[in-house]
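Take a look at the letters that make up each chain.
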Amino acid sequence: MSATLHELGPVLALILFGFLPNEVWRLVGLMLVRGLDEKSQIIVWVRAVATAMLAGVLAQLILSTSGALSSIPVEVRIGAAVLGFAAFLIARRSVFAGVLTGEAAVMLGTYVFAN
Amino acid sequence: MSAEPTEQPPHVSAQVFLDGIVAAVRSVFFYVLVGNYLGLGALAHEVGFSFWWMALSTLLVWAAPAQVILVSTLHTAALFEVALAVTLSSVRFLPMVAAILPMMRRPGVRQRDLLLPMHLTAISVWVEGMRLLPLMPAERRIAFYNGLGVGLMSAALIGGAIGFVLAAKLPPLLAAALLFFTPMAILMSSARNSRTLIDGLAFALGLVVGPVVAAQKIGLDLMWTGLIAGTVAYAVHRLREARRRGTS
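Residues numbered from 1 in each chain as written. Chains lettered and ligands numbered in written order. Predicted model: local features only at pLDDT ≥ 70, side-chain atom pairs only at ≥ 80, totals over all residues. Heavy atoms only, no water.

(A) Focus on the interface of chain A and chain B. Contact with chain A, which involves 73 residues of that partner, is made by 84 residues of chain B. In total, about 7,000 Å² of surface goes out of reach between chain A and chain B, with carbon and sulfur atoms giving 77% of it. Among the residues chain A hides against chain B, the three largest losses belong to Trp25(A), Arg26(A) and Met53(A). Together they make up 11% of the total. At the boundary of chain A and chain B, one finds 1 salt bridge. Notably, a salt bridge pairs Arg47(A) with Asp199(B), separated by 2.9 Å at the nearest N-O pair. Taken together, the links from chain A to chain B amount to 16 residue pairs in polar contact (both at pLDDT 80 or more). When residues of the side of chain A that touches chain B are assigned to their parent elements, the largest contribution, 22 residues, is made by helix α3 (residues 41–63) of chain A. (Contact = heavy atoms within 4.5 Å. Buried area = accessible area lost by both parts, 1.4 Å probe. Salt bridge = Lys/Arg side-chain N within 4 Å of Asp/Glu carboxyl O. Polar contact = N/O pair within 3.5 Å; in protein donor to acceptor, adjacent residues only side chain to side chain. Helix = DSSP H or I, 4+ residues; strand = E, 2+ residues; numbered from the N terminus.)

Spelled out as structure tokens, the structure:
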């Protein structure tokens, strides 16, 4: 496949190489669950797999040295996540408290360690 | 509840749809998405895509990691490679869609009624949907989920538009804070949702197994993480259920 973006136009390229390869997984998910009910054991397992994959996404974002967050030192990311999670627990499972604390910690950490 | 499926009158559906939008605005993900897409919109501008291309990519793709790949590689990499990277980044949608759609299915719901909920499913919508849908009657769930999805997608569209227009380089400190929104929201919302053993265990195991799998450099990290950690959590859940049934 040697086509380039200029030959195709950005919108066609978006549909062929962005939308379709992305949407195929949603479609397969839709096809697979035909006739399964919410309480079936397969769905319980699939849900556990989806939850674990989400944790994998999180671990990748926090630990990866080359990903989207590479401008923030890894130690700062880990520290801020731990602090944010502690605040979440202390504030009786408040998502806002956790996110705000984590954000404050990551800004402070980036300021201190990246300079 | 009546045995035969009852159609919701249109005004009830519209009200439930609005409830979904309100739930979206109340969700921490609404603000996370604005922040996240602010950075993505600015990037799209920098690379030379149009304002409407950026908006269309959010409507059609509706997955931040895939959009980051698209915006940053579509001009430079071979298109086949772009498609491969996008598709590998989106495997998570398969189990997510398969786990949430059964909550919305009931007699009388056609497959095509599930197409919009299917397309709207993304991490943010899925996490909030898994928490909120069980709290309401089955016949309301599709309209509510559509409202939730449209509301959260609006946040992404707004963020992307603002970022595109601002475009000027964000100060590094602010950029770091915006990028960190996504992992923080995933962590806190998942922790809040993990009220059962299997959810909490799957999430905790995924955090441990993820980096271990990544270190093996076998590829398809997320798929293996999900299969290994999810299956172990499911096995523990089944064992516990069996023991409970055995003792009672």
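Okay, back to it.
(B) Examining the packing of aromatic side chains more closely. Overall, the coordinates contain 5 aromatic pairs over all chains when judged by the stated rule. Taking the centre distance of 3.8 Å and the plane angle of 10° together, the rings of Phe49(B) and Trp53(B) count as stacked. When sorted by exposure, Phe49(B) lands in the same class as Trp53(B), which is buried. When the ring of Phe51(B) is compared with that of Phe164(B), the centres are 5.6 Å apart and the planes differ by 85°; the resulting orientation is edge-to-face. Separated by 113 residues along the polypeptide, Phe51(B) in helix α3 (residues 51–60) and Phe164(B) in helix α9 (residues 141–166) bring together distant segments of the chain. A relative accessible area of 29% places Phe51(B) in the partly exposed class. In this structure Phe164(B) comes out as buried when scored by relative accessible area, which is 10%. Three or more aromatic residues joined by ring pairs make a cluster, and in this case those are Phe51(B), Trp52(B) and Phe164(B). The ring of Phe93(B) has Arg26(A) lying over it, and the distance from NZ or CZ to the ring centre is 4.1 Å. Over the ring of Phe93(B) we find Arg92(B); its NZ or CZ atom is 4.6 Å from the centre of that ring. (Phe/Tyr/Trp six-rings, centres within 6.5 Å; stacked < 30°, edge-to-face > 60°. Buried < 20%, exposed > 50% of the residue type's maximum accessible area, 1.4 Å probe, protein only. Lys NZ or Arg CZ within 6 Å of the ring centre and 35° of its normal.)

None of this, on its own, says anything about what the molecule does.
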